[in-house]
Amino acid sequence: MSPAPPPTVSRETPGGGPLRIAVINQKGGVGKTTTAVNLAHGLALLNRRVLLFDLDPQGNATTAVGVEKYTTNPSSYDFLMPGKEKPAPTPTQYDRLDLFPANISLVRAEMDLLQLKDHRDTVLKRNLEGQSFPHDVILFDAPPSLGLLTINILLASDLVIIPVQCEYLALEGLTMLLETIEQINPSLELLGCVLTMVDLRTNLSQEIIKDMRTHFGGKVLKTLIPRTVRLAECPSHGKTIFDYERWGAGARAYESLSKEVLSRIRNGQRKGARR
Ligand SMILES: Nc1ncnc2c1ncn2[C@@H]1O[C@H](COP(=O)(O)OP(=O)(O)OP(=O)(O)O)[C@@H](O)[C@H]1O
Ligand SMILES: [Mg+2]
């Protein structure tokens with residue numbers, strides 16, 4: 001298969017409100033939350049106003065930015081479910097970074113969505129459209145499944161980032177995931193796949209990077225996220241990597257990812273890409 005061209009992605013400051021970016025992979029433990037959280041703070045440090053939307057009942061993104069999960073209000077569940085008064089997001093300890101935290105109710109959100117008669121997969125999209133936000137970007141952290149929460153995220157987003165763990169069988173399932181995403185929302189654009197937990201000292205990592213680039217070409221972002229103990233540690237301290245170890249390899253990688261994401265968005269704008 002010949003390498004795919006880089007995607008044309010959406011412009012950065014659309015007239016219609018914040019750019020919405022989903023961080024998705026139905027596979028568990030591949031670095032979705034680590035990427036959503038640190039990209040969110042990375043973009044905020046680059047002067048963007050960012051809203052991190054924790055729609056994973058595990059609530060790991062909420063904890064990772066230092067907010068107590070399951071006790072806080074207002075939550076992403078309150079925003080999601082119809083009939084509820086739409087709350088404002090919670091400011092975090094970081095400038096320009098706000099959060100809709102996960103709380104205990106999110107555990108039953110899939111069930112509640114199933115019971116809705118109509119539009120159960122576009123509730124999030126419609127609620128977002130009915131609200132104005134001062135943010136430049138909304139980043140969604142998704143659960144490791146393709147259930148109704150994830151489908152709502154995919155239908156509400158302009159762009160998708162797919163973290164792929166740099167391990168044996170990394171490519172397996174990725175083509176199918178891309179096809180599934182395309183079926184669910186054909187107007188969603190792939191911002192890129194990002195390789196996570198890369199260990200450049202191993203032949204395995206080198207081979208996987210090569211295979212990914214051969215098969216998926218420009219769909220793979222240039223930035224590689226290294227496997228580092230610091231990235232694994234920082235959520236338990238309720239800090240992003242920029243707060244925990246500003247000048248380490250993990251922070252440098254997520255800073256580079258944040259710049260690459262903005263550059264892809266700007267390139268999309270130059271080409272006049274649709275939203
Ligand atoms: N680059 C990295 N280096 C070291 N550890 C990492 C790295 N990225 C993520 N981890 C660790 O790997 C585990 C899984 O990461 P993370 O929670 O981000 O994945 P996830 O895809 O969101 O998982 P889930 O599917 O359960 O939501 C976590 O313990 C996290 O701290
Ligand atoms: Mg997660």
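For the structure itself, consult the block above.
Attention here is on the structure that accompanies the text. All values reported here derive from a predicted model rather than from experimental measurement.

Quick look at the nonpolar core
Logical step 1: If you look at the biggest cluster of nonpolar residues, it comprises 76 residues, and the most contacted ones within it are Ala 40, Leu 52, Leu 139 and Ile 153.
Logical step 2: Counting residues per element, this core draws most heavily on helix 1 (residues 32-45), which supplies seven residues.
Logical step 3: Residue contacts for Leu 52: discarding those within four places in its chain leaves Ala 36, Val 37, Ala 40, Ala 61, Val 65, Leu 97, Leu 99, Leu 139 and Asp 141.

Section: the site of ligand 1
Logical step 1: Near ligand 1, the surroundings consist of 19 residues, among which Lys 32, Thr 33, Thr 34, Pro 144 and Ala 232 are the closest.
Logical step 2: Residue assignment for the shell around ligand 1 shows that the elements contributing at least two residues are helix 1, strand 7 (189-198) and helix 9 (229-233).
Logical step 3: With three residues, helix 1 is the single largest residue contributor to the shell around ligand 1.
Logical step 4: A per-class count over the shell around ligand 1 returns seven nonpolar, nine polar and three charged.

Focus: the pairing of strand 5 (residues 137-141)
Logical step 1: Counting buried positions over the five residues of strand 5 gives five, a clear majority of the element.
Logical step 2: Of the two faces of strand 5, the one carrying Val 137, Leu 139 and Asp 141 and the one carrying Ile 138 and Phe 140 are both buried.
Logical step 3: Bridge count for strand 1 (residues 19-23) against strand 5 is five bridges, and the pairing is parallel. Across the sheet, Ala 22 pairs through a bridge with Phe 140, a residue of strand 5.
Logical step 4: Looking at chain direction, strand 2 (residues 50-54) and strand 5 are connected through five bridges and run parallel. Pairing of Phe 53 across the sheet is with Phe 140, part of strand 5.

Rules behind the numbers
- In every chain, residue numbers begin from 1 and rise along the written sequence.
- Naming scheme: in the order in which they are written, chains are lettered from A and ligands are numbered from 1.
- Thresholds applied to this predicted model are a pLDDT of at least 70 for local features of residues and 80 or more for the giving and counting of side-chain atom pairs; totals over whole chains, interfaces and linings are not thresholded and use all residues.
- Each nonpolar core reported here comprises buried Ala, Val, Leu, Ile, Met, Phe, Trp, Tyr and Cys residues connected via C-beta atoms within 7 Å.
- Counting other C-beta atoms within 10 Å of a residue's own tells you its class, since 20 or more makes it buried, 12 or fewer makes it exposed, and anything in between is partly exposed; those C-beta atoms are placed from the backbone.
- In DSSP terms, a helix is any run of H or I states spanning at least four residues, a strand is any run of E spanning at least two, and both are numbered starting from the N terminus.
- What counts as a contact is two residues whose backbone-derived C-beta atoms lie within 7 Å of each other.
- We call a residue near a molecule or strand when the C-beta position, derived from backbone atoms, sits within 6 Å of it.
- Gly counts as polar in this scheme, as do all residues outside two lists: the nonpolar Ala, Val, Leu, Ile, Met, Phe, Trp, Tyr, Cys and Pro, and the charged Asp, Glu, Lys and Arg.
- For two strands to be treated as a pair, DSSP must find at least two bridges joining them.

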